[in-house]
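# Fold and contact review
Here are the chains, one letter per residue:
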Amino acid sequence: MLRVVLPLIALAMLVIAQGPPRELFCAGAAELGLAGENPNIMFTVFEGGSWRPAAAYVESENVTFVLVPAVARSNTDPAEAVTRGALPPPVLRNDTVVCFEAAPGRPAAEPPAPGLLITVERRGAVYHVYVSRAGDVENPANYTLAQSGRPEGRRPDGIELVDRRPAAGGRGKPQPEAGIQQVSTLSYWAVFKLYRLTTQSLQPGACVSTVFDVPDGTSQAAVVLTGGTTPGSYSYLIFSSWNPSQRWSGAVSVLSGRPQTVVAWLPAGRAQYTVQICNQNSQPAAIYASALVSATNSQYYRNDVVRMTPSWIPQYICTTACIPFNNWLKSSNNYLAVPGFYVDAASSITVSINLRVPKSATTGTVYVYWGGLYIGSLSGGTDPSNPSYMVFSGTLTVPQSLYTALLPTYGLGGVISIGPLNPPDGSYLAITVAVRRPVELAPAGDSLYRRPVKVVKESLVVTNTKAFITDLEATASYGIILGISTKPFERPRDSSYSFIRMTVNALDASLNPVQLSGATSGIVVTSGSSWLLESLPFLSLVMSIYDLAKSTIDALKNAVQSFPIIGYVTLAIDNFVQTASASIKVWTSGNSVTVEFYTGWYNDPLVANVSVTAGDWPTYLYISRVEYTTPYYPWYTVYSVDRPALPSTSIGTIPQAGQISYFPYRTLTCGAQESIILRSWNCINDYFR
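A short tour of the structure in this document, coming up. Bear in mind the structure is a predicted one, so any value in this text is a computation, not a measurement. All residue numbers refer to position in the chain's written sequence, counted from 1. The predicted origin of the model limits local features to residues at a pLDDT of at least 70 and limits the giving and counting of side-chain atom pairs to 80 or more, whereas totals for whole chains, interfaces and linings rest on all residues. Computation of side-chain values: all heavy atoms of the structure, hydrogens and water removed.

### Observations concerning the environment of threonine 653
We apply this condition: Under the scheme used here, helices are H or I runs from DSSP no shorter than 4 residues and strands are E runs no shorter than 2 residues, and both carry numbers assigned from the N terminus. For this analysis, residues touch if any pair of their heavy atoms sits within 4.5 Å.
Here threonine 653 shows up in strand β50 (residues 651-653). Among residues more than four places away in sequence, those in contact with threonine 653 are Gln182, Tyr300, Tyr301, Val455, Thr619 and Tyr620.

Right, dumping it as structure tokens:
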């Protein structure tokens, strides 16, 4: 047995990015002591005097994704309703193959987290790798999360295990949802695009560079290349703009099929970094880059919610004729897949699920994935209203240790999948995702809040007979403006003839109601002409994040084939035109303002605004009611509360500006670090870093 003779070493401030992994070892999960673990396991090796990330893979299983927005429509195109893919098993079985990179010898230092030391022997040589559950890892800089897949690898001649794992369940520390507080200390992860590093055609030997800042309270930061970056080799140079003697350089390899690749981890503390990426390949390369930041600082309260319209999976598929769904599907290991769950910053994330299925379709347990990332499981119970059905209802908390895999690609493309269901027809599904998050990287009271920032967001993913996303976002500075927008999914693309109502309420610091009233120009805009950008400049602030996120998601589609990625259609920021048939209405009832949006004949993105005034300046805004309908159907209430009910209510604080400039960039508002400019209601790419 391995004896550790050295004291616990401090975590390295930087783990040097590696080139291609060494030749891999592969063995069954039972042989490696990993059978029964969920697939969220992380790997590290000790080499060169420190622990560094080690490449690892978990053998995936073939699945069929049933795309809910497509299959729930009456005129389903079968080609759009189903896609084949693969997911890691929810529990590693005895024969699940695990492949991993190992370093020579045995580690000479205490591991960075509880876990399992695996020592392998091959032809007389000894190698090691250390494995920890993701929930037990507090510093991801030393680790790599196992990817789904099975590359070629060598089988070891012998395996030795030293197990230091805690009892099942680990020591994960999800941050509990606190009560409503105007300002509180928040520990969070956030990602923002490095706009100037992103390029479609970087020539061989050429370089791109940019500057970015991280705030006070930063504990970890990283530069990340996201999916869509051309596989190959890249060199990098990163240095502190405030202390150029702090420099990091090296090479990194982007492997095919990877959602993201960390270039380098950077030390704690407030800093400004200059980063340069150079193409070391023999052909032009596309680059997609983001900064990932973990910080703890004072933040205004903000809780965003994404909820889907409850959707029923039909028992018959009707195109030219109607046939039973299962006769048409002819597959097993089916997962219902719902797009639209995008996230770029979070302190806590909960996923609430209400699923009703025929008993014949399930073994009694369903598993939940976000992209290709395993989130958790739910056990079902007999439906008291119909014993032929089972109901799965519960809330899963996403561990913060998984945020580094989830955020850089805005939620790994934004699709949540639930299964297996064999067959899935006759099912009813509703999903709600609540995200407690920072308003900005700037702490509460920063002078940045003299500029407009987004204070709360409610999203409705319409999947029952249509296929689009509606967002209501509140932007505040000297006044309050609500921006409501629709973004059709790329497939199927259907948002026409839909009505959405969202009701907004306000509270003072003591949580007493504040009277609101609203007004609108009645103008709804879509693609076509640029004249409205000047007359409604705040729209660029509302919509720009979607252009930046869309490019990341679209690029990810080209890099990952194992799970579905469904993009959406958004407006060109400089290409607005007034619509002919869509409309917006607003009225006041009691203390609240209700916004009603009608999409008309448009299957195109739309956006409109409402100006809100208050009897007294409020402290909080929240969305109290969400309704939806299409012509000839009654209004359906998706959500309704009299008072905020956390975490399922979208609520945010209207920030107060201070005198100190800790962080003078609108980062999470516009999606990239944007220098403050006089036309502060605009979000202009020329000012992005």
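The discussion continues.
### Here's the deal with the packing of aromatic side chains
The line we're drawing: For Phe, Tyr and Trp, where Trp contributes only its six-membered ring, two rings pair if their centres lie within 6.5 Å, and the inter-plane angle classes them as stacked under 30 degrees, edge-to-face over 60, or tilted in between. Buried residues are those whose accessible area, probed at 1.4 Å on protein chains only, stays under 20% of the maximum for their type, while exposed residues exceed 50% and partly exposed ones sit between those limits. Here, a charge over a ring means that NZ of Lys or CZ of Arg falls within 6 Å of the ring centre while also lying within 35 degrees of the ring normal.
Counting across every chain of the model gives 19 aromatic pairs. Taken together, a centroid distance of 6.3 Å and an interplanar angle of 80 degrees make the contact between tryptophan 189 and tryptophan 265 edge-to-face. Highlighted residues: tryptophan 189 in strand β14 (residues 183-193) and tryptophan 265 in strand β20 (residues 260-266), separated in sequence by 76 residues. Taken individually, tryptophan 189 and tryptophan 265 each receive the classification buried, so the pair is uniform in this respect. On the numbers, 5.0 Å between centres and 65 degrees between planes, the contact of tryptophan 312 with tyrosine 428 is edge-to-face. One end of the pair, tryptophan 312, is in strand β25 (residues 311-312); the other, tyrosine 428, is in strand β36 (residues 428-436), and 116 residues separate them in sequence. One aromatic cluster is present, formed by Phe25, Phe43, Phe100 and Tyr127 through successive ring pairs. The aromatic ring of tyrosine 127 is capped on one face by arginine 154, whose charged end is 5.9 Å from the ring centroid.

### As for the pairing of strand β24 (residues 302-308)
Selection rule: By this definition, two strands are paired if DSSP reports at least two bridges between them.
Of all seven residues making up β24, seven are buried, and the element is well covered by its neighbours. Here β24 shows two buried faces, one formed by Arg302, Asp304, Val306 and Met308 and the other by Asn303, Val305 and Arg307. The pairing of β24 with β50 spans two bridges and is antiparallel. The partner of arginine 302 across the bridge, within β50, is glycine 652. When β24 meets β36, the two strands line up antiparallel, connected through five bridges. Bridged to arginine 307 within β36 is threonine 432. By the bridge criterion, four bridges tie β24 to strand β37 (residues 453-462) in an arrangement that is parallel. Across the sheet, valine 306 pairs through a bridge with serine 459, a residue of β37.

### Quick notes on unusual backbone geometry
Omega for the peptide link from glycine 419 to proline 420 comes to -5 degrees, which places this bond in the cis form. If you trace the backbone, proline 420 turns up in the loop between β35 (416-419) and β36. The omega angle of the peptide bond from asparagine 422 to proline 423 is 0 degrees, so this bond is cis rather than trans. Along the polypeptide, proline 423 turns up in the loop between β35 and β36. The phi dihedral of tyrosine 632 is positive, around 75 degrees, even though this residue is not glycine. If you trace the backbone, tyrosine 632 turns up in the loop between β48 (620-629) and β49 (636-640). The class of tyrosine 632 is exposed, set by a relative accessible area of 86%.

### Considering the state of the cysteines
What counts here: Disulfides are defined in this document as cysteine sulfur pairs within 2.5 Å.
Inspection of every chain in the model, using the stated rule, returns two disulfides. Linked covalently through their sulfurs, cysteine 26 and cysteine 99 form a disulfide whose S-S length is 2.0 Å. Disulfide cysteine 26-cysteine 99: torsion about the S-S bond near 110 degrees, hence right-handed. One end of the pair, cysteine 26, is in strand β1 (residues 25-28); the other, cysteine 99, is in strand β7 (residues 97-100), with 73 residues separating them in the sequence. In this model, cysteine 207 is linked to cysteine 278 through a disulfide, with the two sulfur atoms separated by 2.0 Å. On the sign convention where negative is left-handed, the bridge of cysteine 207 and cysteine 278, at about 105 degrees about the S-S bond, is right-handed. Of this pair, cysteine 207 sits in strand β16 (residues 207-214) while cysteine 278 sits in strand β21 (residues 271-279), placing them 71 residues apart in sequence.

### Focus on the sheet that holds β16
Sheets are built from strands paired through backbone hydrogen bonds, the pairs being either parallel or antiparallel. Rule in force here: Here an angle of 0 to 180 degrees is reported between the N-to-C directions of two axes, which are lines fitted to C-alpha atoms, with helices fitted over the stretch in contact.
Ordered by their spatial adjacency, four strands build an open sheet running β16-β21-β18-β19, and the pairing between neighbours is antiparallel. Only two strands of the sheet have a single partner each, and these edge strands are β16 and β19 (247-254). Averaged over all neighbouring strand pairs, the angle between strand axes comes to 20 degrees, with direction disregarded.

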